[in-house]
Amino acid sequence: MSLEFNFVCPLPNGVHARPASAFEEIARAFGAEVVLTNSRTGRAANGKSVLAIVGADIRKNDPCLMKISGPDEAEAMAVLSGFLTREFPHCDDALPPAPARSSNGKSPLPPVLRETSATVRHGLPVVSGIGQGEVVQICGLQVPASIPLTGDVDLAAEIRTVDAALTSLVDHYEERMTRHTSQLERDLLKAHRSVARDPEFRAKLHESLRQPGRTAAGAIADAEAHFTSILAASDSLLLRERALDVRDVCSQLLRQIHGKQAGAAEVKLPETAIVVAETLTPGQFLRLDRSRLKGLVLGHAGTTSHTVILARSFGIPTLTGIPELASARLHGREAILDGDAGLLVTDLTESIRKYYGKEQKRLAARRGYQRRFIHQPGMTSDGHHVEVAGNVATAEEAAAVFAEGAEGIGLLRTEILFLDRDMPPDEAEQFEEYQSILREAGDRPVIIRTVDIGGDKPLPYLKLPSEENPFLGYRAVRIYPEFESLFRTQIRALVRASAHGTLKVMIPMVTSMDEVRWVRRIIQEEQARCASQGIAFNPRMPVGAMIEVPAAAFLLDKLCQELDFFSIGSNDLLQYFAAADRANPRLTRLQNRLQPAFLRLLKKIVDDVHAAGKWVGICGEMGAQAPCMPLLVGFGVDEISVATTAVMALKAELASWPAAACRELAAEALNRETADEVMALTEQHATRRLAPLIAPELVLLDADCATKEDAIEHAVNQLYVVGRSEHPNLLEQAIWQREAAYSTGFGHGFAIPHCKSDAVLKSSLVILKLRTPVDWGSLDHQPVNFIILMAIREEEQANAHMKILSRLARKVMDEGFRAELVQANEPGALCAFLRSNLEA
């Protein structure tokens, strides 16, 4: 006769891996049999199997029955019932909040997606652009092809191998638990250990091994598929996400048996692919065929994770934070990733394909327009030079960033060389990598940052202890003295490479003079060593520091005596300055780079460095943000270094601002009280600095449009292409609202569609001369072949531009005026004619 105990599940998220693991931990200490039954579903579970418990699908308020029978049943019942009563309710936290909808100021959901049967998933856009292709979902256990799943095997030997690996894996988790002080990590490791020693998990492995010819790897793949399918079928989000724990344990088990060979599964991509994965390491990303990779969706990744940084460098549109990604069955389906609106669209319709086909053409047209700046130096419209450089991590990226027009490399992250491997790279490997990048650069400068690892960027082979607050922890220059050999190896490679180009060495996370002097001593010693061995190097190789710790900003007068240059790492500097974790969405407001206090800090850094006659650039994300660029120029930075895909856009934006206007804006911004006030100020200045109402780049001769709709879209697109609108869809909607009220076909083959909207940054006229007339519903019922589209900002509706609109309407009535316009075949002449008639 068994003992029984009834209880109601009190956990808000039901019984998932962590509470199940806690129960199993206690139950396994007894010899008695423990069975939990979910009375709602009738499912019974072995109380000593975490997988069986979570598989019982116990949700909040489910009535449950615990039965215990066996030699020590009374003691077991006392302990377990006490646990269920007192501790079990505290074994879990409330559900995490759903990822917030992007608030990046981009266009709202396009109408074509609001009125369609397609499936639209929302995520956080971290790399802009549009990608289309077949979804490749990297979610299951990846067994490399070199490891057979079947073969001629000795069953007894395979079982011994699997059992030994399970024992070793449990030891591995327990050893790691002693090294991790974070409660969250310990709980996670406990959950994984519970799976590794789960009797049903082991039983499933043995069952698979008994299938003819099944190898240990095949059995692991079977067990992974079996348990994850059970969990994926649950209605509970948390239970579905626990499938990741099983996959992680299976991957580790495979690695226990096959070592390195288990970690290099190749993912073959179709011709156009969108990769979907919960997580992806930088190494996994770099192994993907990027010529076929058109989009990337990650369940969990910060905007500044190394994988996202690489995706940004290679221009791969990327989203993160899409919920329930693990359980979504997307593999093999056609999808479109909208990296601007933060959308992943599946179940595509023809109207959606057509819409995004046009969007891609629009993006391509803007990039085509920006290409005119590739071979020009970064220059304001009044001739002030600001070097535009690129942030890269590999030699492959270096080639790409120079093809985009970068004048140098402002930040080469060397961490990628050290990640996803069992040993650090040796001197020869590093020298070859740095030399190849310098070869790509030619005489252009390359700033190489020494390895920034530790803290939030741990490397297994360094065996650094886990930290409660890794961003403020033991990383970068702080670990160099302990790992002096590793640092010396990198410095030797850099000193040797300095003979092959304009190489500058930059030290990360500098806080004190002691750190700088120690690094300087190591560099001098390695230079002396190369000299003694007759190895060529640049004895005047500049050495600088990344300014990302606020303390360094208040030591610049001294640092300038030891160092040659500085580069502001705005991401970490803001995080440390505002004492606000950049990964915490609740602190987004404090992470605003337009906070006046942060702007004052930037101005102080630039002024202090320049006062010492030294050079200062900026290599954080801030440089690529349109509202920030004129401020940085106004503060006087010497260089702005951005991701590869942002180089051309930055040059184009820079060319539209006079330096004098940037300085005026920067001075005013320093006196504002809030970030919102600074944003309003930058928008106000942005509308002032753009080119005049009529400009040659807004004249499109011989335009090929089949309909009125095509013509309006073509004209609006041109405003986007030349940077006068960031929201062409909204602008087009405003035009059509006016067209719905009355036709703008004025007769005589002329139409003047117009709108008032702040979706245009500067009031503008776009001129289209059509190759073939189109029907416009004109007053005289004649087709239209000459279109003057007017887009007026809301705030300017009552000023001189409105007078121009009425003047234009009157002029079009004049036959001579129309004839002059029709006969004009050169954009500059046409603009001059219009100005003389409209602005007189």
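Nothing here was measured: the structure is a model prediction, and the numbers come from that model.

Enquirer: Explanation requested: the overall build of the protein in the structure shown.
Expert: Across its full length, the protein carries 31 helices and 26 strands. Counting the 840 residues in the protein, one finds 54% classified as buried. Sequence separation of 24 or more characterises 71% of the internal contacts of the protein that already satisfy a separation of 6 or more.

Enquirer: Sorry if this is basic, but what is going on with the packing of helix α27 (residues 708-721) against helix α28 (residues 728-741) here?
Expert: The description of two helices packed together rests on the angle between their axes and the distance between the axes. With their axes 9 Å apart at the nearest point, α27 and α28 run at an angle of 140° to one another. The pairing of α27 with α28 is recorded here as oblique in orientation. In this structure, α27 crosses over α28, and the sense of that crossing is right-handed. Residues Lys708, Glu709, Ile712, Glu713, Val716, Leu719 and Tyr720 of α27 pack against Pro728, Leu731, Glu732, Ile735, Trp736 and Glu739 of α28. Tallied by class, residues from the contact of α27 with α28 come to eight nonpolar, no polar and five charged.

Enquirer: When you look at the packing of helix α30 (residues 815-823) against helix α31 (residues 827-838) in this model, what are you seeing that I'm missing?
Expert: Running from N to C, α30 and α31 cross one another at 160°; their axes reach a closest spacing of 9 Å. Taken together, the axis directions place α30 and α31 in an arrangement best described as roughly antiparallel. Where α30 crosses over α31, the handedness of that crossing is left-handed. Across from Phe817, Glu820 and Leu821 in α30, the residues of α31 making contact are Leu830, Phe833, Leu834 and Asn837. Of the residues contributing to the contact of α30 with α31, the split by class is five nonpolar, one polar and one charged.

Enquirer: Is there a simple way to think about the packing of aromatic side chains in this case?
Expert: The relative placement of two aromatic rings is captured by the distance of their centres and the angle of their planes. Under the counting rule described, the total for this entry stands at 13 aromatic pairs. Centroid distance Phe565 to Trp615: 6.2 Å. Interplanar angle 75°. Geometry classified as edge-to-face. Residue Phe565 is found in strand β18 (residues 565-568), and its partner Trp615 is found in strand β19 (residues 615-618); the two are separated by 50 residues along the sequence. The same class applies to Phe565 as to Trp615, namely buried. A cation sits over an aromatic face here: Arg362 above Tyr720, 6.0 Å from the ring centre. One cation-aromatic arrangement involves Lys504 over Phe565; the distance from NZ or CZ to the ring centre is 5.4 Å.

Enquirer: Help me understand the nonpolar core in this model?
Expert: As a rule of thumb, soluble globular proteins bury nonpolar side chains together. Within the largest apolar cluster, 124 residues are counted, with the highest numbers of intra-cluster contacts made by Phe566, Ile605 and Ile640. Apart from residues lying up to four places away in sequence, Ile605 is in contact with Ile547, Ala553, Leu556, Ile568, Leu573 and Val616. Grouped together as the second largest cluster of nonpolar side chains are 58 residues, Val15, Phe23, Val170 and Phe201 included.

Enquirer: Help me understand the sheet that holds strand β3 (residues 43-46) in this model?
Expert: Two strands in a sheet stick together by hydrogen bonds in their backbones, pointing the same way (parallel) or opposite ways (antiparallel). The strand order across the open sheet formed by four strands is β1-β4-β2-β3, and the pairing between neighbours is antiparallel. At either margin of the open sheet sits one strand with a lone partner, and together these are β1 (3-8) and β3. Taken over all neighbouring pairs, the strand axes of this sheet differ in orientation by 20° on average, direction set aside. Sheet analysis places strand β2 (residues 33-38) next to strand β4 (residues 63-69), joined by six bridges and oriented antiparallel. Note that in β4 the partner of Leu36 across the bridge is Met66.

Enquirer: Looking at this structure, I do not really get the pattern of salt bridges. What am I missing?
Expert: Side chains that differ in sign of charge can pair as their charged atoms come close. Tallying each qualifying case throughout the model produces 40 salt bridges. Here Glu404 and Arg367 are joined by a salt bridge, their closest N and O atoms 2.7 Å apart. With a gap of 37 residues between them, Glu404 in the loop between α14 (395-403) and β14 (409-413) and Arg367 in helix α13 (residues 350-370) connect regions that are remote in the sequence. Here Arg367 falls in the partly exposed class, since its relative accessible area comes to 31%. Taking the shortest distance from any N to any O, the salt bridge between Arg488 and Glu526 comes out at 2.6 Å.

Enquirer: I would appreciate a short explanation of the state of the cysteines in the present structure.
Expert: Put plainly, a disulfide is one covalent bond tying together the sulfur atoms of two cysteines. Under the definition given, this model contains zero disulfides. Cysteine Cys64 remains unbridged, with the sulfur of Cys9 as its closest cysteine sulfur at 6.1 Å.

Enquirer: What should I look at first to understand helix α3 (residues 73-87) in this one?
Expert: Residue pairs spaced three or four apart in an α-helix point in one direction, given the helix's 3.6 residues per turn. Its 15 residues place the ends of α3 20 Å apart at the C-alpha level, agreeing with the 21 Å of an ideal helix rising 1.5 Å per residue. Those residues of α3 that sit buried are Glu73, Ala76, Met77, Leu80, Ser81, Gly82, Phe83 and Leu84.

Enquirer: Just to check I follow, could you spell out the sheet that holds strand β10 (residues 318-320) for this structure?
Expert: Pairing within the open sheet is mixed, and its eight strands lie in the order β5-β12-β11-β7-β8-β9-β10-β6. Two strands lie at the open edges of the sheet, namely β5 (119-122) and β6 (124-127), each paired on one side alone. Taking each pair of neighbouring strands and ignoring which way they run, the sheet shows an average axis angle of 30°. The pairing of β6 with β10 spans three bridges and is classified as antiparallel. Looking at the pairing, Val127 lines up with Thr318 of β10. Against the sheet, α13 engages β7 (130-138), β11 (334-338) and β12 (343-346), with an angle of about 115° to β7.

Enquirer: What is the right way to look at helix α16 (residues 427-441) in this model?
Expert: The terminal C-alpha atoms of α16 lie 21 Å apart, and with 15 residues this matches the ideal 21 Å at 1.5 Å per residue to within 8%. Among the residues of α16, those classed as buried are Gln430, Phe431, Glu433, Tyr434, Gln435, Ser436, Ile437, Leu438 and Ala441. The inward-facing, buried residues of α16 contact α14, β14, α15 (415-418), β15 (445-449), α17 (484-497) and β16 (502-507). One side-chain oxygen at the N-terminal end of α16 lies 3.3 Å from the backbone nitrogen of Ala428; it belongs to Asp426. Trailing α16 by a residue or two, Gly442 shows a phi angle of about 65°, which is positive.

Enquirer: Would you mind showing me how to read the environment of Ala552 here?
Expert: Residue placement: Ala552 occurs in helix α19 (residues 550-553). When the C-alpha positions of Ala552 and Val510 are compared, they lie 6.6 Å apart, and in sequence the two are 42 residues distant. Excluding anything up to four places from it in sequence, Ala552 contacts Val510, Thr511, Ile547 and Leu559.

Enquirer: Explain the environment of Thr320 to me, please; I cannot follow it from the model alone.
Expert: One can find Thr320 in strand β10. Given a relative accessible area of 3%, Thr320 falls into the buried group. Each C-alpha atom, one on Thr320 and one on Leu296, is 8.5 Å from the other, the two residues being 24 residues apart in sequence.

Enquirer: Explanation requested: unusual backbone geometry in the structure shown.
Expert: Backbone geometry follows two general trends: most residues other than glycine have a negative phi, and most peptide bonds adopt the trans configuration. One non-glycine residue, Asn61, lies in positive phi territory at about 70°. Relative to the elements of secondary structure, Asn61 occurs in the loop between α2 (50-55) and β4. Here the phi dihedral of Ala579 falls at roughly 50°; this positive angle occurs in a residue that is not glycine. Looking at where Ala579 falls in the secondary structure, it is placed in the loop between α21 (570-578) and α22 (596-611). Ala579 sits in the exposed class, given a relative accessible area of 68%.

Enquirer: How should the confidence of the model for the protein be read in this particular structure?
Expert: Here the protein averages 86 in pLDDT, and 89% of its residues register 70 or above. Contacts from residues 94-107, a stretch scored under 50 in pLDDT, to residues over four places away or in other chains number 20 contacts.

Enquirer: Just checking my understanding: could you explain the environment of Val79 for this structure?
Expert: Relative to the helices and strands, Val79 is located in helix α3. Taking the C-alpha atoms as reference points, Val79 and Ala27, separated by 52 residues in sequence, lie 8.9 Å from one another. Val79 has contacts with Ile26 and Phe30, leaving out every residue within four places of it along the chain.

Cut-offs used in this document
- Residues numbered from 1 in each chain as written.
- Predicted model: local features only at pLDDT ≥ 70, side-chain atom pairs only at ≥ 80, totals over all residues.
- Heavy atoms only, no water.
- Helix = DSSP H or I, 4+ residues; strand = E, 2+ residues; numbered from the N terminus.
- Buried < 20%, exposed > 50% of the residue type's maximum accessible area, 1.4 Å probe, protein only.
- Contact = heavy atoms within 4.5 Å.
- Axes fitted to C-alpha atoms, helices over the stretch in contact; angles between N-to-C directions.
- Parallel < 35°, antiparallel > 145°, perpendicular 65-115°, else oblique.
- Left-handed = near helix turned anticlockwise from the far one by under 90°.
- Nonpolar A, V, L, I, M, F, W, Y, C, P; charged D, E, K, R; others polar.
- Phe/Tyr/Trp six-rings, centres within 6.5 Å; stacked < 30°, edge-to-face > 60°.
- Lys NZ or Arg CZ within 6 Å of the ring centre and 35° of its normal.
- Core = buried A, V, L, I, M, F, W, Y, C linked by side-chain atoms within 4.5 Å.
- Pairing = 2+ DSSP bridges.
- Salt bridge = Lys/Arg side-chain N within 4 Å of Asp/Glu carboxyl O.
- Disulfide = S-S within 2.5 Å.
- Expected span 1.5 Å × (residues − 1).
- Polar contact = N/O pair within 3.5 Å; in protein donor to acceptor, adjacent residues only side chain to side chain.
- pLDDT = per-residue confidence, 0-100.

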